[in-house]
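Here is what each chain is made of, one letter per residue.
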Amino acid sequence: MEDLRILTEAVCRIAREAGHFLKEERKNFHREVVEEKRAHDYVSYVDKESEKRIVAALGQLMPDAGFIAEEGSAVYRDEPYCWVIDPLDGTTNYIHDNAPYCVSIALRDKHSLLLGVVYEPCRDECFYAWKGGGSYVNGEEMRVSAIEKAEEAFIVAELPYNFEQYARTGEHLIRELYGKVAGIRMNGSAALALCYVAAGRFDAWLEAFIGKWDFSAAALMVLEAGGKVTDFYGNEHFMDEHHIIATNGPLHPLFVKLVQEVPPLNM
């Protein structure tokens, strides 16, 4: 565990450096440099350069580890350990000069998440956790909320880019939750929404059609902060899934129930 703690500290430094690069580049950023990967899903030179810097730094920490990286600057070849990287989560927020956005880095083996770091440069918040070591933000331990009643829940219900497949689920969630919970938000960054669940700022979050890089680091934080993470069907083996729910625990059955009240999503 001590080795994981020390490694996590090193990854925090790498994430902070990448986050500072994002914030500096934003000062002179022009939307003309943005590319559309698919409908409403964007990438720019900032994402790509951030990823290259992160991959290079992590490669020095663990030369034998593989990579799952959103922009494809490094690859996974079935190594025992694997870094999972989102160099800029919240790209749409970023290109519109809107917070939040962040850097997300996780380390996993073939069976479990080992550490997670998410750095948000706008508020200078570094969230981190390692397996069995707890969950923290800027040195302060995080715990999920104790909210048990839906009417007191403050939740995040993102609407993914895959609107044709998700429309019925999204409409059902809004219909069942709007006016019945304390508040519904969309913050545009899955990684940070999960961190906020870990910190007790949100009580529940769910999103579909997301990549491992979106949720891996922060999912570990939720678990280490006492929360619960599953796929949409309640399975706790979620690391290789794409439809994820994270809650404080008591609210989890409600959200699993809600997503199962509509036809299964097409992957």
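Going by the structure above, here's the rest.
Keep in mind it's a predicted model, so treat the numbers as computed, not measured.

Chemist: Where do I start with the pairing of strand β12 (residues 204-207) in this structure?
Modeler: Remember that side chains alternate between the two faces of the sheet whenever the strand is regular. Of the two faces of β12, the one lined by Ala204 and Leu206 and the one lined by Trp205 and Glu207 are each fully buried. Where strand β10 (residues 154-157) and β12 come together, 3 bridges link them in parallel fashion. For Ile155, the partnering residue across the bridge sits in β12 and is Ala204. With 4 bridges joining them, β12 and strand β14 (residues 244-247) adopt antiparallel strand pairing. Bridging from a neighbouring strand, Glu207 pairs with Ile244 of β14.

Chemist: Mind showing me how you'd approach the packing of aromatic side chains here?
Modeler: Geometrically, a pair of aromatic rings is defined through the distance of the ring centres and the angle of the planes. Under the criterion given, the structure shown has 7 aromatic pairs. Note on Tyr196 and Phe202: the rings are 5.9 Å apart at their centroids and 40 degrees apart in plane angle, and the pair reads as tilted. According to the relative accessible area criterion, Phe202 is buried, its value standing at 7%. What links up through ring pairs into an aromatic cluster is the set Phe127, Phe154, Tyr196 and Phe202. Over the face of the ring belonging to Phe21 we find Arg53, whose NZ or CZ atom lies 4.1 Å from the ring centre.

Chemist: Is there a simple way to think about helix α2 (residues 45-61) in this case?
Modeler: Because each turn of an α-helix spans 3.6 residues, side chains separated by three or four positions in sequence point in the same direction. For α2, spanning 17 residues, the distance from its first C-alpha to its last is 25 Å, which sits close to the expected 24 Å at 1.5 Å a residue. Along α2, the residues classified as buried are Val46, Asp47, Ser50, Glu51, Ile54, Val55 and Leu58. Looking down the long axis of α2, one finds its buried residues gathered within 155 degrees of arc, a one-sided arrangement. Exposed side of α2, more than 90 degrees from the buried face: Lys52 and Gln60 are the residues found there.

Chemist: What's the story with the nonpolar core in this structure? I'm lost.
Modeler: Of all hydrophobic cores here, the largest spans 38 residues; its most connected members are Val118, Phe127, Trp205, Met221 and Phe238. For this core, the elements supplying multiple residues, two or more each, are β4 (82-89), β5 (102-108), β6 (113-120), β7 (125-130), α5 (190-198), α6 (212-224) and β14. Looking at which element gives the most residues to this core, the answer is α5, with 9 residues. Within the second largest apolar cluster, 35 residues are counted, among which are Leu7, Ile14, Ile54 and Tyr128.

What counts and what doesn't
Residues numbered from 1 in each chain as written. Predicted model: local features only at pLDDT ≥ 70, side-chain atom pairs only at ≥ 80, totals over all residues. Heavy atoms only, no water. Buried < 20%, exposed > 50% of the residue type's maximum accessible area, 1.4 Å probe, protein only. Helix = DSSP H or I, 4+ residues; strand = E, 2+ residues; numbered from the N terminus. Pairing = 2+ DSSP bridges. Phe/Tyr/Trp six-rings, centres within 6.5 Å; stacked < 30°, edge-to-face > 60°. Lys NZ or Arg CZ within 6 Å of the ring centre and 35° of its normal. Expected span 1.5 Å × (residues − 1). Arc of directions from axis to C-beta. Core = buried A, V, L, I, M, F, W, Y, C linked by side-chain atoms within 4.5 Å.

Fair warning: the whole summary comes from geometry, so function is off the table for now.
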